[in-house]
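# Report on the structure
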Amino acid sequence: MNITQEKIDDLNAVVKVKVEPADYTEKVEKALKTYQKRAEMPGFRQGKVPASLVRKMYGKAVLAEELNRILSDSLYQYIQENKIEVLGNPLPKEENNKVDFDTQSEFEFQFDMALAPQFQLELSPDMEFTEFVIGIDEKLVDNYVNDLTRRYGRIEPADSTVEGDLIYGDFVQLDSNGEILPGGIFKSSTLFLDKPVKEAHKAMIGAKSDDKFVLSAKDISEDPKDLATKLGISTEEAENIDSSFQITLKSISRLIPAELNQELFDKVYGPGAVTSTEQLREKIANEMRHMFARETGERLRTDITNRLLAITNLSLPDEFLKRWLLAANEKPLTRDQVESEYPIYARQLRWQLIENKLIRDNNLSVSQEEAQQHVKSMLRANFAKYGRNPDEVTDDELTNTAKSILSKENEGKRIYEEIFGQKLMTLYRSECTIRQKEVSYDEFLAS
């Protein structure tokens, strides 16, 4: 067997594989003998069918099967031995791979092969990034406490409406003259009176059961999906409707916030974990710090990703990769789908190449022991979160559970990627300049 590579450009090559009888004859003969032992044919006992008949019946199929196996194995071995960084898998050049099993004994097959782009990337202090730190002020904690009391509050009926009430009523479509439209939309639905109340809803404050009001469709809801749900119509109809509706109030529901007392503290955090409003506010502030740290961490990671993608500006063998996506995807894809989704795939592939290079160049690795310890830490945190004392869980139980999780292909891959991500972030912090900037939450959202 002879394998040669012809480089087309920095990203594309053609591999030629020449296969001779010595490469496949023994394997084909062995396969045909196996077929002969199993073959059944009228006039012959099983296993006694003449070899010539077996060869006539199965010879071409067996040869094709063995050639495919030889090509697959030899290409893989060639790429590994020559340390070629490829993208996807080689694809056969259909126009150059036509064979005639009746007349040929030697075959040449050609494959298109995509080469990974070669590039240099060095992190340095000249690469500057901003890491936001969100300040926890009294207003943020107040809002969270208010939200908590509402979530654990109770619903009571009310005689007349105030801001924050939920009303239930009959919604009837009107014509251009303000009359009920025959055959129009009729739906019993709900409407929330925001706090502070919207201008269009102010006339409804103080209303009682059976009072009637007229609202435009947009005043009922500016979100087409929400409007469609309220009126029992399709989203497309909701996007185009410009009618007004008469609303007849049928009932009023009012949320009564829970009191800040021990009963609420126990419901939220478990018996005795919080015993005062001050402790509650401090616990909420700490939770916010952790939550905001995740958000700001993701922002920093995104900023670093975008900068490194821009700096490297990697070119890819786009046409090959589109062909490969069409051929390799488990679910059939159309060319239009590939064209539509390719930019996202290409960005992800570029970033994967960058991460892999940083991992190789900086000798980053994750041992099985590290992965197990990472999962065990996650398990302890989850036990504590759901009310089980982590100290009551034995190390053997944690280890066995961690091994079970890591043995699952997708879950194990996700965890290793997560640890590599943490190690890369440590690398960025040590090699780049990352300056912290304290901002309010609103400033962070606006940045």
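The structure we're discussing is the one just above.
These numbers were taken from a predicted model, which means no experiment stands behind them.

A count of helical and extended segments in the protein chain gives 14 helices and eleven strands. A compact globule built from 447 residues should have a C-alpha radius of gyration of about 22 Å, whereas the protein chain, at 34 Å, is more than 25% larger. Across the 447 residues of the protein chain, 35% fall into the buried class. Per element, the accessible surface of the protein chain, about 27,900 Å² overall, is 47% carbon and sulfur.

So, about the nonpolar core. Grouped together as the largest cluster of nonpolar side chains are 33 residues, with contacts concentrated most on Leu308, Ile354 and Tyr428. Of all the secondary-structure elements, those providing two or more residues to this core are strand S3 (86-92), helix H8 (277-312), helix H9 (318-328), helix H10 (335-361) and helix H13 (409-431). If one sorts the elements of this core by residue count, H10 sits on top with nine residues. Residues within four places of tyrosine 428 in sequence aside, it is in contact with Leu123, Ile304, Leu308, Trp351, Leu358 and Ile434. Residues Val62, Leu67, Phe107 and Met113 belong to the second largest nonpolar core, which totals 25 residues.

The next thing to look at is the pairing of strand S4 (residues 107-115). Among the nine residues of S4, eight are classified as buried, and the element is accordingly described as predominantly covered. Two elements, strand S2 (residues 12-19) and S4, share eight bridges in a ladder whose sense is antiparallel. Paired with valine 15 across the bridge in S4 is phenylalanine 111. With four bridges connecting them, S3 and S4 associate as antiparallel partners. Across the sheet, valine 86 pairs through a bridge with leucine 115, a residue of S4.

Both trends apply: most residues other than glycine have a negative phi, and most peptide bonds are in trans. The residue after lysine 195, namely proline 196, is reached through a cis peptide bond having omega 5°. Tracing the backbone through its elements, the reader meets proline 196 in the loop between strand S8 (186-192) and strand S9 (212-216). For lysine 83, which is not glycine, the phi torsion reads 50° and is therefore positive. Using a relative accessible area of 73% as the deciding quantity, one classes lysine 83 as exposed.

This paragraph deals with the packing of aromatic side chains. Counted under the stated rule, the structure contains seven aromatic pairs. The interplanar angle of 75° and the centroid separation of 5.8 Å between the aromatic rings of phenylalanine 132 and phenylalanine 444 together place this pair among those described as edge-to-face. Of this pair, phenylalanine 132 sits in strand S5 (residues 128-134) while phenylalanine 444 is found in helix H14 (residues 441-446), placing the two residues 312 residues apart along the sequence. With a relative accessible area of 12%, phenylalanine 132 lands in the buried category. Under the relative-accessibility criterion, phenylalanine 444 is labelled buried at 3%. Between phenylalanine 292 and tyrosine 441 the ring centres are 4.7 Å apart and the planes differ by 25°, which places this aromatic pair in the stacked class. Of this pair, phenylalanine 292 sits in helix H8 while tyrosine 441 sits in helix H14, placing them 149 residues apart in sequence. Here the aromatic residues Tyr24, Phe101, Phe107 and Phe109 are joined through ring pairs into a cluster of three or more.

This next bit is on the pattern of salt bridges. Scanning all chains against the criterion turns up 33 salt bridges. In this structure, lysine 60 engages aspartate 102 in a salt bridge whose closest nitrogen and oxygen atoms are separated by 3.1 Å. Linking lysine 60 in helix H2 (residues 51-81) with aspartate 102 in the loop between S3 and S4, this pair joins segments that are 42 residues apart in sequence. One salt bridge in this structure joins glutamate 418 and arginine 414, with 3.1 Å as the shortest N-O distance. Here glutamate 418 pairs with arginine 414, and both are found in helix H13, just four residues apart, close to one helical turn. For glutamate 418, a relative accessible area of 30% gives the class partly exposed. A residue is classified by how much of its surface remains accessible, and arginine 414, at 34% relative accessible area, is partly exposed. One network of salt bridges, in which partners are shared, links Glu319, Lys322, Arg335 and Glu339.

This brings us to the side chain of aspartate 170. Within the fold, aspartate 170 resides in strand S7 (residues 166-173). A polar atom in the side chain of aspartate 170 sits 2.7 Å from the side chain of serine 188. Beyond its immediate stretch of four places on either side in the chain, aspartate 170 contacts Phe186, Lys187, Ser188, Gln246, Ile247, Thr248 and Lys250.

This brings us to the side chain of lysine 322. Within the element layout of this structure, lysine 322 appears in helix H9. Note on lysine 322: relative accessible area 10%, which makes it buried. With residues up to four places along the chain from it excluded, the contact list for lysine 322 reads Arg335, Val338, Glu339 and Tyr342.

Criteria and cut-off values
- Residues numbered from 1 in each chain as written.
- Predicted model: local features only at pLDDT ≥ 70, side-chain atom pairs only at ≥ 80, totals over all residues.
- Heavy atoms only, no water.
- Helix = DSSP H or I, 4+ residues; strand = E, 2+ residues; numbered from the N terminus.
- Rg over C-alpha atoms; globule rule 2.2 N^0.38 Å.
- Buried < 20%, exposed > 50% of the residue type's maximum accessible area, 1.4 Å probe, protein only.
- Areas by Shrake-Rupley, 256 points an atom, 1.4 Å probe, with all protein chains shown as cover.
- Core = buried A, V, L, I, M, F, W, Y, C linked by side-chain atoms within 4.5 Å.
- Contact = heavy atoms within 4.5 Å.
- Pairing = 2+ DSSP bridges.
- Phe/Tyr/Trp six-rings, centres within 6.5 Å; stacked < 30°, edge-to-face > 60°.
- Salt bridge = Lys/Arg side-chain N within 4 Å of Asp/Glu carboxyl O.
- Polar contact = N/O pair within 3.5 Å; in protein donor to acceptor, adjacent residues only side chain to side chain.

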